[in-house]
Amino acid sequence: MLNEHQEVEIGMEYQQDLRNLASNKNGPQVIYQKLLLEIERLASISNPKNEDDEIEAVRQQAFEVLSTIKNKIEENIISLEKNTDWNTFTIAFYGETGAGKSTLIETLRILMSEPSKVADRARFSSAQVQLKNLGAKLQKNRNTEQKILNELETLKENLQDLEKNWVEQARKQESLQERGIEKVTNGLKNWFLFLFNSIGELKESESLRPQVELQAEEVDRKSKEVEIKSNEKKEVQLTIASLESQKIEVVQVLDEKSDGKIIGDGRSDFTQVVGEYQFEVDDKKFAILDLPGILGNEKEVQTAIDEGVEKAHVVFYVSKQPNPPQKGDEKSLGAIEKISHELSKHSEIYFLYNKPVRNPNSLKEELISDEDQNALKGVDKELSDKFSDVYEGHKTISAYPAFVALGYFYGGKNLKSQKNFLEKFSDTPKLLELSQVSQFSKWLTTDLVDNVKDKIKKSNYKKVTILLTETNDEVHRIYKSYSDLSKKNLGQLKFATDQLDQIEQSFKQKIEDTFEKTKRNFEQNVRQKLYDDIEKGLDAKTLKQELQQTIKSETDDLKKSVEKQIDVNLKEFSKEIEDVVSKYNIYLQENYKKMSINFNKSISPISSIKEFEFLGVEKAFKDLLRNIGLAVGGIVLAFFKGGAELIVVVPAIIGALANIALPVIKLVGIFSPNHVKSLERKYVNANLSTTISVLDSKLKKEGYNIKNKIKETTKNIESELDKSIQAIDTTKESYKAASNHLIELRNQIENGEL
């Protein structure tokens, strides 16, 4: 909460910051910093500090709500400054989930040679060549592998035969040798035969040895050949494995670089982040944004949607139906409610009907039927009514046929669809023409992307002015609520003050009636008492004493009677006043409650009316009711003091008057008793008349004092009641000043003065 000194400091800092900005121009985007400086003053432009604590409390509450609004608008301005692009003309494709936004954008990326798409497609083509080369190498190596396998099989068979023959001969040779040796050990004769090499088995065994050794060498040679061939097999298989691994990598590249990776696969909310793509066509630079859909679970992507819409200068609302965005119901918001707030900030909006065509037979010479055309007229009317001068009309395309005609695919349903469409439409340009994508692309890169500097400035300024307008609508709505409340309460205040005036007049009349009645009773009682005494033969001297005593006694009774009656009247006065004040308090509280309920029903993100419940009115009225009692008590005390003066003043005056009249009565003692009584009654009447005159003067004086006290009390109460109106007016004027400031800022931006 700012004090006066801090508010002055803010004003000085504001002026210095404006001077700094004026000397440091950085193009139109400096508007955000200027605007932030202006908005900084929003909360501090409320009415000057009020000496009355209650009204000052209300002013501070208005200041706090305006501070909340100020902080909110500052957040929005900072968000605009962060997300708004002043250099690149940006087009956003925005709309329903599954409307084909990404399909169209992918097609445009291909058609308009978006750099990252060009790189991806070049990588895809390169990978295709790689895959073809790898296929050839794989086939060659597989052929080599098969040849080696065949040769290896033959070698192994030959080796097996050689080994078999070799083993048979070796076993035969070994068997003959064993039998010959056995003969040598069986008798002397055989020993001599052995010496002369005449044992047949040994001779045959020796003859077989060269053959067995030769066969062993052949087996060894053949085994080496098998080993060599096996190594050749391993080498070619390793080569094949390497080529297969390379093929997997290339296939992965083909899959990754296939067109359409940004397109949804049927799952809800496939697009989770804003895709941004940069283009340059005929020296015109621009960007296209692919926004998440709005009819899925957009809570998860709302920030991305908001930032994307803030950044864009032109927005296409994409739909797969030639109908206006659907409306919501009591349970949920529809598309029209969701987009109205976002799109109303823009200066150029289009409706794009993306007709879903998946079957080649559904693509006709006339893409849009008469029925669709009529439906689109309804779209134009409704969106024109909704977005007034910023809605530019509708465009029609069918993105999918163009996409599959142009795309690079590695397998999958898109490749199958491509074959189907190209079988029916072998001429790709014709297919692009029928889908109207080529016409749309040409229009986008010529008419739409034209005079972009002015469009960027117009769009960005529009977002700021809309923000100021929305904030002002909120502030003005609060102002209007307080203004209406002020009018209602002002009428009730007039009614209450009229009642107070009536109560005051009634009390004054009661005071006059009380005094008049008491005075008559006083005169009647004194006269009747003395007349009775005169009839009893009271002498003149005693009469004077009795007159003084009776007047004193009756004066005391008068004082008590008047005090009692005035006390009754004051209590009635106090009760009536309290009733008026209480009813006025209840009326105000009900009005505040109604206003609070209306604010709580608001969908506004800015309002903080809950902080303003009753504005401390209830406490103020409790204090006022207590003050009424104190004021009335003061009136009673004042009268009691005046009543005591009656006892002192009146008898003194009566005594003086009596001393003047009594000598006359003493001189006429010779008169008859009846005549004397007559003279004594005249004496009583003369003194009583003087006494009544003095008493009347004194009562009038006290009555005048009481009436003035009552009038002062009533005026004070009316003044206190009026503070409730002053409090509302203080709040109202704070919001009015803030509203005027926001309007002034908006006008300055629209007129290029800020």
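What you see is a predicted model; the values in this text were computed from it and never measured. (Residues numbered from 1 in each chain as written. Predicted model: local features only at pLDDT ≥ 70, side-chain atom pairs only at ≥ 80, totals over all residues. Heavy atoms only, no water.)

## Digging into the environment of Thr-471
Secondary-structure assignment places Thr-471 in helix 15 (residues 452-535). Sequence-wise, Thr-471 and Ser-739 are 268 residues apart; in three dimensions their C-alpha atoms are separated by 8.5 Å. (Helix = DSSP H or I, 4+ residues; strand = E, 2+ residues; numbered from the N terminus.)

## Topic: the pairing of strand 2 (residues 275-281)
Residues Gly-275, Tyr-277, Phe-279 and Val-281 line the buried face of strand 2, whereas the alternating positions Glu-276, Gln-278 and Glu-280 sit on a face that is not buried. Two successive antiparallel strands, strand 2 and strand 3 (residues 284-290), enclose a turn made up of two residues, where Asp-282 displays a positive phi of approximately 50°. (Buried < 20%, exposed > 50% of the residue type's maximum accessible area, 1.4 Å probe, protein only. Pairing = 2+ DSSP bridges.)

## With respect to the pattern of salt bridges
All chains considered together, the criterion is met by 38 salt bridges. Asp-579 is the salt-bridge partner of Lys-575, the closest N and O atoms lying 3.0 Å from each other. You can see Lys-575 and its partner Asp-579 sitting in helix 16 (residues 540-601), four residues apart, about one turn around the helix. What makes Lys-575 partly exposed here is its relative accessible area of 46%. Classification of Asp-579 by relative accessible area gives partly exposed; the value is 30%. Across the pair Lys-700 and Asp-696 runs a salt bridge whose closest N-O atoms are separated by 3.2 Å. Of this pair, Lys-700 and Asp-696 both sit in helix 18 (residues 673-750), four residues apart, which is roughly one turn of that helix. (Salt bridge = Lys/Arg side-chain N within 4 Å of Asp/Glu carboxyl O.)

## Examining the pairing of strand 5 (residues 349-354)
For strand 5, the tally of buried residues reaches six of six residues, placing the bulk of the element in the interior. Neither face of strand 5 is open: one carries Ile-349, Phe-351 and Tyr-353, the other Tyr-350, Leu-352 and Asn-354, and all of them are buried. The pairing of strand 4 (residues 314-319) with strand 5 spans five bridges and is parallel. Each bridged residue has a counterpart across the sheet, and for Val-315 the counterpart in strand 5 is Ile-349. Bridging between strand 5 and strand 6 (residues 391-397) involves five bridges; their strand directions are parallel. Bridge pairing in strand 6 links Phe-351 to His-394. What joins strand 5 to strand 6 is helix 10 (residues 370-387), and the crossover it makes is right-handed. (Right-handed = clockwise from strand over helix to strand, strands pointing away.)

## Describing the environment of Asn-460
Among the secondary structure elements, Asn-460 is positioned in helix 15. For Asn-460, a relative accessible area of 0% puts it in the buried group. Taking C-alpha positions, Asn-460 is 8.2 Å from Asp-85, a pair spaced 375 residues apart along the chain. Excluding residues that lie within four positions of it along the chain, Asn-460 makes contacts with Tyr-32, Thr-84, Asp-85, Trp-86 and His-313. (Contact = heavy atoms within 4.5 Å.)

## A look at unusual backbone geometry
Unlike most non-glycine residues, Asp-283 shows phi in positive territory, near 65°. Mapped onto the fold, Asp-283 is located in the loop between strand 2 and strand 3. In this structure, Ser-388 takes a positive phi of about 45° despite not being glycine. By secondary structure assignment, the location of Ser-388 is in the loop between helix 10 and strand 6. We classify Ser-388 as partly exposed; its relative accessible area is 47%.

## Considering the confidence of the model for the protein chain
Mean pLDDT over the protein chain works out to 79, with 77% of the residues at or above the 70 mark. pLDDT under 50 marks residues 4-12. Its contacts with residues more than four places away, or in other chains, come to seven contacts. Scored below 50 in pLDDT, residues 656-668 shows 19 contacts in the model against residues more than four places distant or in partner chains. (pLDDT = per-residue confidence, 0-100.)

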